[in-house]
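# Understanding the architecture of this molecule
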Amino acid sequence: MAFDLRAALLRKEEVESARLMDFEFRQRARTFRLLAEALGASGDELVGEIALSDDAGILDRLVAERRLDRAELGASYARCRAEAYRQLVGELGDPTPHRLG
């Protein structure tokens, strides 16, 4: 019975990719939930937008609809994204890919 390194690497890639995509999605949803909280808006409504648009599109819509300053909203978004990352690392651990070994 021989060890199939290629198959092991492919399995690792699949598992790591799924784990990283899950972390990225959770971070995006948490970021917009925190941003909605900071803006006094509905978190569910804003998080629902992530299925329809990219982050820049959502921010552009917020600027247009709420007449917000783009720079202030961008700074608020960056703070919320960093906080979401910090919270998720605390809950799920560091998303850095695990070494094979």
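Residue positions are given per chain, counting from 1 as you read along its sequence in written order. Only residues with pLDDT of 70 or above have their local features reported here, since the model is predicted, and side-chain atom pairs are shown and tallied only from 80 upward, although totals for entire chains, interfaces and linings are computed over all residues. Calculation of side-chain values draws on the structure's entire complement of heavy atoms; hydrogens and water are dropped beforehand.

## Some details on the overall build of the protein chain
Here is the rule: For helices the rule is a DSSP run of H or I covering at least 4 residues; for strands it is a run of E covering at least 2, with both sets numbered from the N terminus onward. Computation of the radius of gyration draws on C-alpha atoms alone. For the globule rule, the value is 2.2 Å times the number of residues to the power 0.38. Note on classification: 1.4 Å probe, protein chains only; a residue is buried when its accessible area is under 20% of the maximum for its type, exposed when over 50%, partly exposed between these limits.
Counting its regular elements, the protein chain contains 4 helices and 0 strands. Element order for the protein chain, N to C, with α for helix and β for strand: α-α-α-α. Relative to the 2.2 N^0.38 estimate, which gives 13 Å for 101 residues, the radius of gyration of the protein chain is 18 Å and therefore markedly larger than a compact globule would have. Counting only C-alpha atoms, the protein chain reaches 65 × 25 × 25 Å along its principal axes. Each of the 101 residues in the protein chain was classed as buried or not, and the buried ones make up 27%.

## Thoughts on unusual backbone geometry
For Arg 67, which is not glycine, the phi dihedral falls at a positive 55°. Looking at the secondary structure, you find Arg 67 in the loop between helix 3 (55–66) and helix 4 (70–92). The class for Arg 67 is exposed, based on a relative accessible area of 73%.

## Considering a nonpolar patch on the surface
To keep it simple, the criterion reads: Surface patches are drawn from residues lacking salt bridges whose relative accessible area is over 30%; two like charges belong together within 9 Å, two nonpolar side chains (Val, Leu, Ile, Met, Phe, Trp, Tyr) within 5 Å. A 1.4 Å probe and the Shrake-Rupley method give the accessible areas. Residues count as covered only by the protein chains that appear here. Whenever Lys or Arg places a side-chain nitrogen within 4 Å of a carboxyl oxygen from Asp or Glu, that contact is recorded as a salt bridge.
A cluster of nonpolar residues, Phe 3, Leu 5 and Leu 9, forms a patch on the protein surface that exposes about 330 Å² of accessible area. For Leu 5, a relative accessible area of 47% corresponds to the partly exposed category.

## Some thoughts on the side chain of Thr 31
Keep this limit in mind: Think of a polar contact as two N or O atoms within 3.5 Å of one another; within protein, one of them needs to be a possible hydrogen donor and the other a possible acceptor, and neighboring residues in sequence only count if both atoms come from side chains. We call two residues contacting when some pair of their heavy atoms lies within 4.5 Å.
On the secondary structure map, Thr 31 appears in helix 1 (residues 5–39). A polar atom in the side chain of Thr 31 sits 2.7 Å from the backbone oxygen of Gln 27. In contact with Thr 31, not counting residues within four places along its chain, are Tyr 77, Cys 80, Arg 81 and Ala 84.

## Remarks on helix 3
Put simply, the rule is: The span expected for a helix works out to 1.5 Å for each residue beyond the first. To be clear, the arc concerns the directions from the helix axis to the C-beta atoms.
Its 12 residues place the ends of helix 3 16 Å apart at the C-alpha level, agreeing with the 16 Å of an ideal helix rising 1.5 Å per residue. If you check which residues of helix 3 are buried, you get Asp 55, Ile 58, Leu 59 and Leu 62. The buried side chains of helix 3 occupy one side of the element, clustering within an arc of 95° when seen end-on. Of the residues one or two after helix 3, Arg 67 is the one with positive phi, at around 55°.

## Notes on helix 1
Side chains three or four residues apart in an α-helix point the same way, a direct result of the helix having 3.6 residues per turn. Taking 1.5 Å per residue, 35 residues should reach 51 Å; helix 1 reaches 50 Å between its end C-alpha atoms and fits that length. Of the positions making up helix 1, those classed as buried are Ala 8, Glu 16, Phe 23, Gln 27, Arg 28, Ala 29, Thr 31, Phe 32, Leu 34, Leu 35 and Ala 36. Of the surrounding secondary structure, the elements contacted by the buried residues of helix 1 are helix 2 (43–48), helix 3 and helix 4. In this structure Asp 4 caps helix 1, since a side-chain oxygen of it lies 3.3 Å from the backbone nitrogen of Arg 6. Remark: Gly 40 follows helix 1 within two positions and exhibits a positive phi of approximately 75°.

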